[in-house]
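Summary of structural features
Now for the letters of each chain:
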Amino acid sequence: MWDWGYAISILPALARAAIVTVQAAIGGFALALVLGLVLALLRRMPVRAVSWPVGFFVEFIRSTPLLIQLFFLYFGLPQFGVRPTPFAVGVIAFGVHFSTYLSEVFRAGLDAVPRGQVDAATALNFSRLDRMVRIILPQAIPPMVPVLGNYLVLMLKDTPVLAAISVLELLQTARSLASQSFRYLEPLTIVGLFFLILSVVASFGIQALEARLARKRT
C-alpha cells in the first residue's frame, strides 16, 4: 500500500538528488555542445590527416556503450594521476559521449547553409572566423535546436547510469532510501515523476527557444 507519510518524508532528499541530476545533465550538455562543434569543424576540414582521425574517434565513441566509457574514465584516469570526483567523471563522460552525436547534428546543419552565403562572405573579404560566427552559425543553429533539445532530454534520462560510479543522483538516492526502509514503491514512483517533470520542463523550454529564434528570423 502507498504510504503518503513516508513519501512526503523522502521528498527533500529526492529533491536534492534532482538538483544533482539537473547539474550533471546541463554540465554534460554544455561540454557536448562545445566539443561537438569542434569535432564537426575538424571533420569538415579538407586535410585528411585531421578529418580521418576525428571521424574514427566519433565512430568509436558512438559505437561503444556509455557505461563502459564511464567506467573507463572512473577507473582509468587515476592510473594517470588524475583523480576527479565521481560527479566530474560523469559530466566528462556525458560530454564526450554525446559530443559525437551532436557533432553529426552540427555537421548536417553547417552543410545545409547555402554555399552562396559563404561565397558572398568570402567576396566581401570576411575572415574565416567572421564567416563562421556572423554568417554560417546564425543560419545553421536555429534549425538544429529541436534535435539538440532532444539530445538534452535524452541525456537527462540517461543520468541514472551515474549511480554505477556512486553519484547520488535521483536513482541512486531512491535505491539508498529503499534499502533503508525496504519500501521501493514510493521512492521509485517519485523518481519517475521527477524525471517526467524535468523532461516536460526541458521540452517546453526548447519549444520556447525555437519559437523565439523563429521570430528573430522573421
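Residues numbered from 1 in each chain as written. Predicted model: local features only at pLDDT ≥ 70, side-chain atom pairs only at ≥ 80, totals over all residues. Heavy atoms only, no water.

**With respect to the environment of alanine 15**
As for its placement among the helices and strands, alanine 15 is situated in helix H1 (residues 4-43). Among the residues examined, alanine 15 registers a relative accessible area of 32% and is labelled partly exposed. C-alpha separation for the pair alanine 15 and leucine 170, spaced 155 residues apart in sequence, amounts to 8.2 Å. (Helix = DSSP H or I, 4+ residues; strand = E, 2+ residues; numbered from the N terminus. Buried < 20%, exposed > 50% of the residue type's maximum accessible area, 1.4 Å probe, protein only.)

**Side note on the packing of aromatic side chains**
For any pair of aromatic rings, the description consists of the separation of the ring centres together with the inter-plane angle of the planes. As enumerated under the stated definition, the model contains 7 aromatic pairs in all. Taking the centre distance of 6.3 Å and the plane angle of 45° together, the rings of phenylalanine 98 and tyrosine 101 count as tilted. Of the two residues, phenylalanine 98 and tyrosine 101 both sit in helix H4 (residues 86-111), 3 residues apart, roughly one turn of that helix. Ring plane angle 35° and centroid distance 5.9 Å describe the contact between tyrosine 101 and tyrosine 151, whose orientation is recorded as tilted. Of the two residues, tyrosine 101 sits in helix H4 while tyrosine 151 sits in helix H6 (residues 128-158), which places them 50 residues apart along the sequence. (Phe/Tyr/Trp six-rings, centres within 6.5 Å; stacked < 30°, edge-to-face > 60°.)

**Things to note about H6**
With 31 residues, H6 extends just 37 Å between its outermost C-alpha atoms, more than 12% less than the 45 Å of an ideal straight helix rising 1.5 Å per residue. Along H6, the sharpest kink reaches roughly 50°, centred on methionine 144 and followed within four residues by the proline proline 146. (Expected span 1.5 Å × (residues − 1). Bend = angle between axes of the 7 residues up to and from the residue.)

**A look at the environment of valine 161**
Mapping valine 161 onto the fold places it in the loop between H6 and helix H7 (170-181). Accessibility expressed as a relative area gives 27% for valine 161, which makes it partly exposed. Taking the C-alpha atoms as reference points, valine 161 and glutamine 172, 11 residues apart in sequence, are found 9.1 Å from one another. Not counting chain neighbours up to four residues away, the residues in contact with valine 161 comprise Leu66, Leu67, Leu70 and Phe94. (Contact = heavy atoms within 4.5 Å.)

**Topic: the packing of helix H5 (residues 115-123) against H6**
Axis angle and axis distance: for two packed helices, these are the angle between their axes and the distance between the axes, and together they describe the pair. It is the contact of H5 with H6, at a shortest axis distance of 10 Å, that shows an interaxial angle of 160°. What the angle tells us is that H5 and H6 run roughly antiparallel. Considering how the two elements wind past one another, H5 and H6 form a crossing that is right-handed. Along the contact surface, H5 presents Gln117, Val118, Ala121 and Thr122, while H6 presents Arg131, Ile135, Ile136 and Gln139. Of the residues contributing to the contact of H5 with H6, the split by class is 4 nonpolar, 3 polar and 1 charged. (Axes fitted to C-alpha atoms, helices over the stretch in contact; angles between N-to-C directions. Parallel < 35°, antiparallel > 145°, perpendicular 65-115°, else oblique. Left-handed = near helix turned anticlockwise from the far one by under 90°. Nonpolar A, V, L, I, M, F, W, Y, C, P; charged D, E, K, R; others polar.)

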